Amino acid sequence: MKILYYSPHPALNLSAQTGYGTHMREMIRAFREAGHEVKTCIRGGEQMPVSSGGATAGNGKRLLKKIIPRFLWRTLKERRLMREDKISEAVLAKAMEEFQPDVIYERAAYLCISGRNVAVRKKIPHIVE
């Protein structure tokens, strides 16, 4: 079976040495060991991210968080995530065309519906973890 392993969240990196990173790698490994062909579509990347912001970027963010009310800060973060998910939908659709999987296996992410949208449009089974 051809499985497209999909993670829509822009901050979840496959190479992260955290619980979620280990879980994603182990699921992919298990599918492959079971004889399935697996292609990954990990929006947060598959290499360890390199820090792009220095101390000033962190200080600016901390200052904004102090000035902007918590509910508004959260709303802005959620809107950004939803915009990113629209981009993820196009990336997933392209990966689907290239790989022609039998199923999409998705690592669920808060407010991300791109996997569901593409699966419905392409009429392909969609498993959400």
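Please refer to the structure placed before this passage.
This one's a predicted model, so the numbers in the text were calculated from it and none came from an experiment.

Asks: Explain the environment of Ile3 to me, using residue names and the numbers behind them.
Replies: Its place among the elements puts Ile3 in strand 1 (residues 2-7). Owing to a relative accessible area of 4%, Ile3 belongs among the buried residues under this scheme. As a C-alpha pair, Ile3 and Val103 span 100 residues in sequence and 5.3 Å in three-dimensional space. Other than its neighbours up to four places away in sequence, Ile3 contacts Phe31, His36, Glu37, Val38, Lys39, Phe99, Pro101, Val103 and Tyr105.

Asks: Before we move on, could you go through the pairing of strand 3 (residues 103-106) and cite the residues and values that matter?
Replies: In strand 3, alternate side chains face the same way, and those of Val103 and Tyr105 on one face and Ile104 and Glu106 on the other are all buried. Sheet topology places strand 1 next to strand 3; four bridges connect them, and they run parallel. Counted as the bridge partner of Ile3 is Val103 from strand 3. Sheet topology places strand 3 next to strand 4 (residues 126-128); three bridges connect them, and they run parallel. When the bridges of strand 4 are listed, Ile104 appears paired with His126. Between the parallel elements strand 3 and strand 4, the chain passes through helix 4 (residues 114-122) in a crossover that is right-handed.

Asks: Describe the environment of Lys2, with residues and values.
Replies: Mapped onto the fold, Lys2 is located in strand 1. Judged by relative accessible area, Lys2 falls into the partly exposed class, the value being 25%. Separated by 33 residues in the primary sequence, Lys2 and Gly35 have C-alpha atoms spaced 9.6 Å apart. Excluding residues that lie within four positions of it along the chain, Lys2 makes contacts with Glu37, Phe99, Gln100, Pro101, Asp102 and Val103.

Asks: Lay out the packing of aromatic side chains in plain terms, naming residues and giving numbers.
Replies: Across all of its chains, the model carries two aromatic pairs by this definition. Consider the rings of Phe31 and Tyr105, whose centres lie 5.0 Å apart with planes at 75°: the pair is edge-to-face. Pair noted here: Phe31 is in helix 1 (residues 19-33) and Tyr105 is in strand 3, with a separation of 74 residues, a long-range link. Tyr105 sits in the buried class, given a relative accessible area of 11%. Above the ring of Phe99, the side-chain terminus of Lys2 is found at 4.7 Å from the ring centroid.

Asks: I'd like a description of the nonpolar core, backed by residues and values.
Replies: Grouped together as the largest cluster of nonpolar side chains are 12 residues: Leu4, Tyr6, Cys41, Leu92, Ala93, Ala95, Met96, Phe99, Ile104, Val118, Ala119 and Ile124. Those elements that place two or more of their residues in this core are strand 1, helix 3 (70-99) and helix 4. No other element matches the five residues that helix 3 contributes to this core. Among residues more than four places away in sequence, those in contact with Ile104 are Leu4, Tyr6, Leu92, Met96, Gly115, Ala119, Ile124, Pro125, His126 and Ile127.

What counts, and at which threshold
- Residues numbered from 1 in each chain as written.
- Predicted model: local features only at pLDDT ≥ 70, side-chain atom pairs only at ≥ 80, totals over all residues.
- Heavy atoms only, no water.
- Helix = DSSP H or I, 4+ residues; strand = E, 2+ residues; numbered from the N terminus.
- Buried < 20%, exposed > 50% of the residue type's maximum accessible area, 1.4 Å probe, protein only.
- Contact = heavy atoms within 4.5 Å.
- Pairing = 2+ DSSP bridges.
- Right-handed = clockwise from strand over helix to strand, strands pointing away.
- Phe/Tyr/Trp six-rings, centres within 6.5 Å; stacked < 30°, edge-to-face > 60°.
- Lys NZ or Arg CZ within 6 Å of the ring centre and 35° of its normal.
- Core = buried A, V, L, I, M, F, W, Y, C linked by side-chain atoms within 4.5 Å.

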